[in-house]
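This is what each chain is made of:
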Amino acid sequence: MGGCFSKPKPELHCSQAQPRRHRCTLSICPPDPHVEVKIEVVLPEKERAKEEMSPNGKASPLVYKVNGTARHYHLEEHPITINPYQNVKDVVEASVCHVKDLENGQMREVDLGCGKALLIKENGDYYAMGHKCPHYGAPLVKGVLSKGRVRCPWHGACFSIGTGDIEDFPGLDSLPKFQVKIEKEKVYIRASKQALLTQRRTKVMAKCISLSNYNISSTNVLIIGAGAAGLVCAETLRQEGFSDRIVMCTMDRHLPYDRPKLSKSMDSHLDQITLRPKEFFRTNDIEVLTETQVAAVDIKNKIAVFKDGFKMDYNKLLIATGNTPKALSCKGKEVENVFNIRTPEDANRVVKLASSKNAVIVGASFLGMEVAAYLTEKAHSVSVVELEEVPFKKFFGEKVGQALMKLKEVVLKSGKVLRADVCVIGIGASPATGFLKQSGINIDSKGFIVVNKMMQTNIPGVFAAGDAVTFPLALRNNKKVNIPHWQMAHMHGRIAALNMLAHGTEISTVPYLWTAVFGKSLRYAGHGEGFDDVVFQGDLDELKFVAFYTKNEEVIAVASMNYDPIVSKVAEVMASGRAIRKRDVELFVRHGKTGDMSWLTGKGS
């Protein structure tokens, strides 16, 4: 099955194809033997010349340097400003409300005269902190307050109201904390200039004390992979006082960056998505080896062997290599304008090639559908080719998948040809663990590294985290699962770091993800694998709904669009260990806004 997104444009755009000899055809064969989909990829000039010289010549990737103007972000895509407060003094003190204006369990944004803060009252005490989530700038006043922490309404990050520290992810920074005092039944907030000038706060980190005399081929902690899991692991070690050498190595040419933006905000410049600047790594003595590949690990002698032959001793090892995109097994997959999006250069190049042209996406995965949605405003047409009739059917269910399609559905008969100026492959990924096959580290039949609740492998001193692992999920009775979510990778990295330091901390976080489709965000919490029913509230056609996924009369996951902060509320209930019964949700849906919501507040039976 497939579909097409199109903007009304003159037919002129469709008739600018080059002669047929300058095209390459990808054949996609669905399970039905009578159906074959052909994608006719128009070869770029460089590739055409290569084709004429050598029919079997392979393309080498192009590096596209962005010179265009900055794009207009959707609200949730825009990086938050570092300094939202203006014209501050050394110390700012402001009366923000009367003590009776705020009830227990309430939050309010209050004006300090030079900016805003989040004021909270819980159990009779007042707290004040930064009012925007450091991740993407969500207004925390619209989030969820529960048992001493605030959960972001957009992506589920959690912050302690007592300290401002980040307790669950995504994001790297904590919130600035402000002083609160009560005088004559008025609430005052007092903050230093430094606290007001930063919308975010980075925890204090230890310095490495052995850099002056270390052996270049030896490190205390080696982290293979520089995604969210690897970076959070390194930062957590420093935050917890670890002062020995830390080395991160990555096959990527860049420092760690916000990988979800590659499909959600495809023309972002590298400096807009880099998670930490170079100065951060230098200041905190975290070494990053880019464009470096580990080829093997000798667990007996604690040595990592690099592809170029270099060897490095380690004491503790974290494997956070993520995954590798699955490739099409067909002729034409090596053509220059056929992409697996893995780097900012890939994403930028796709946007450039797709501008006012025809784009074809193979695979209605999260990446595939996000790319398709993003390109609809830029390309002449965007077609999606998928073996399943409905995108996300296994993950979100058929009804939600149909609501998200926004496609003109067509049956692609045998011999159907889709013309493509650029083609993006999004048919899934496999764990990047091939180099571990002979290591002795426990790998399951699908190639995932098996870890326990402390992110430890079967080998002492060896930890693993992120998309390449299976781990026991407390929410589902410790079932071994693989959850390739950005938020989960952050938490894996933190748990691994704490247990490298022998804290004995077990992972108990609730999975939380989001995807952006057609300018709208869908939020999801829990783990719905194997759900047997879905209870809906709202209007699927209007993309304003909440879906409760149930199994054996219990809610195991929730998804929503335009229904904030319901997903964060459910995530908080799940995090507390309380079960949500299907019958309670059904009663809530049946009675609408007047229904009993005690199952969300914990006040029910």
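Details of the structure are given in the entry above.
Below, the structure is looked at part by part. (Residues numbered from 1 in each chain as written. Predicted model: local features only at pLDDT ≥ 70, side-chain atom pairs only at ≥ 80, totals over all residues. Heavy atoms only, no water.)

## Topic: the sheet that holds strand β8 (residues 144–146)
Next up, step 1: Across the sheet, four strands lie side by side as β8-β9-β10-β11; this open sheet has antiparallel pairing. Two strands lie at the open edges of the sheet, namely β8 and β11 (166–168), each paired on one side alone. When the angles between neighbouring strand axes are averaged without regard to direction, this sheet yields 30°.
Next up, step 2: Sheet topology places β8 next to strand β9 (residues 149–151); three bridges connect them, and they run antiparallel. When the bridges of β9 are listed, Val144 appears paired with Arg151.
Next up, step 3: In this fold helix α12 (residues 566–575) packs onto β8, β9 and β10 (158–160), with an angle of close to 135° to the strand it touches most, β9. (Pairing = 2+ DSSP bridges. Helix = DSSP H or I, 4+ residues; strand = E, 2+ residues; numbered from the N terminus. Axes fitted to C-alpha atoms, helices over the stretch in contact; angles between N-to-C directions. Contact = heavy atoms within 4.5 Å.)

## A short note on a nonpolar patch on the surface
Next up, step 1: On the surface, a cluster of nonpolar side chains totalling about 270 Å² of accessible area is made up of Tyr214, Ile216 and Phe310.
Next up, step 2: Tracing the backbone shows Ile216 in the loop between α2 (193–197) and β14 (221–224).
Next up, step 3: Overall, Ile216 belongs to the exposed group, its relative accessible area being 56%. (Patch = residues over 30% accessible without salt bridge, like charges linked within 9 Å, V, L, I, M, F, W, Y side chains within 5 Å. Areas by Shrake-Rupley, 256 points an atom, 1.4 Å probe, with all protein chains shown as cover. Salt bridge = Lys/Arg side-chain N within 4 Å of Asp/Glu carboxyl O. Buried < 20%, exposed > 50% of the residue type's maximum accessible area, 1.4 Å probe, protein only.)

## Topic: the sheet that holds strand β17 (residues 294–298)
Next up, step 1: Strand order in the open sheet formed by three strands is β17-β18-β19, with antiparallel pairing between adjacent strands. The open sheet terminates on both sides in strands that have one partner only, identified here as β17 and β19 (311–313). Averaged over all neighbouring strand pairs, the angle between strand axes comes to 20°, with direction disregarded.
Next up, step 2: Where β17 and strand β18 (residues 303–306) come together, four bridges link them in antiparallel fashion. Within β18, the residue paired with Ala296 across the bridge is Val305.

## Observations concerning the packing of helix α3 (residues 228–239) against helix α11 (residues 486–500)
Next up, step 1: Remark: α3 packs on α11, axes separated minimally by 7 Å, with the N-to-C direction vectors making an angle of 40°. With respect to the hand of their crossing, α3 and α11 are arranged in right-handed fashion. Side by side, α3 and α11 meet where Ala228, Ala229, Val232, Cys233, Thr236, Leu237 and Gln239 of the first sit next to Trp486, Ala489, His490, Gly493, Arg494, Ala497, Leu498 and Met500 of the second. (Left-handed = near helix turned anticlockwise from the far one by under 90°.)

## Considerations on the packing of aromatic side chains
Next up, step 1: Summed over the entire model, instances satisfying the criterion amount to 12 aromatic pairs.
Next up, step 2: Ring centres of Phe392 and Phe396 lie 5.5 Å apart, and the angle between their planes is 80°; this geometry places the pair in the edge-to-face category. For the pair formed by Phe392 and Phe396, the shared burial category is buried.
Next up, step 3: Ring-pair connections join several aromatic residues into one group, and the members of that group are Phe366, Phe392, Phe395, Phe396, Tyr524, Phe531 and Tyr549.
Next up, step 4: Here the guanidinium or amino end of Lys181 rests over the ring plane of Tyr188, the centre of that ring lying 5.9 Å away.
Next up, step 5: If you follow Arg276 out to its NZ or CZ, it ends over the ring of Phe280, 4.5 Å from the centre. (Phe/Tyr/Trp six-rings, centres within 6.5 Å; stacked < 30°, edge-to-face > 60°. Lys NZ or Arg CZ within 6 Å of the ring centre and 35° of its normal.)

## Some thoughts on the side chain of Lys121
Next up, step 1: Assignment of secondary structure puts Lys121 in strand β6 (residues 116–122).
Next up, step 2: Of the buried charged residues, Lys121 lacks a salt bridge, with Glu103 as the closest side chain of opposite charge at 5.7 Å.
Next up, step 3: Side-chain polar atoms of Lys121 contact the backbone oxygen of Leu102, separated by 3.4 Å.
Next up, step 4: Ignoring sequence-local partners within four residues, the contact set of Lys121 consists of Val99, Leu102, Glu103, Asn104, Gly105, Gln106, Tyr126 and Leu145. (Lys, Arg positive; Asp, Glu negative; His and termini not counted. Polar contact = N/O pair within 3.5 Å; in protein donor to acceptor, adjacent residues only side chain to side chain.)

## A word on the pairing of strand β36 (residues 544–551)
Next up, step 1: Extensive coverage of β36 is indicated by the burial of six of its eight residues.
Next up, step 2: If you look at the hairpin formed by strand β35 (residues 533–539) and β36, you'll find four residues sitting between the two strands, and Leu543 has a positive phi there, around 55°.
Next up, step 3: Strand direction decides the pairing type here: β36 and strand β37 (residues 554–561), joined by seven bridges, are antiparallel. Residue pairing for β37: Tyr549 is matched across the bridge by Ala557.
Next up, step 4: The antiparallel hairpin formed by β36 and β37 contains two residues in its connecting segment, where Asn552 sits at a positive phi of about 55°.

Function cannot be read off these values alone, since they describe shape.
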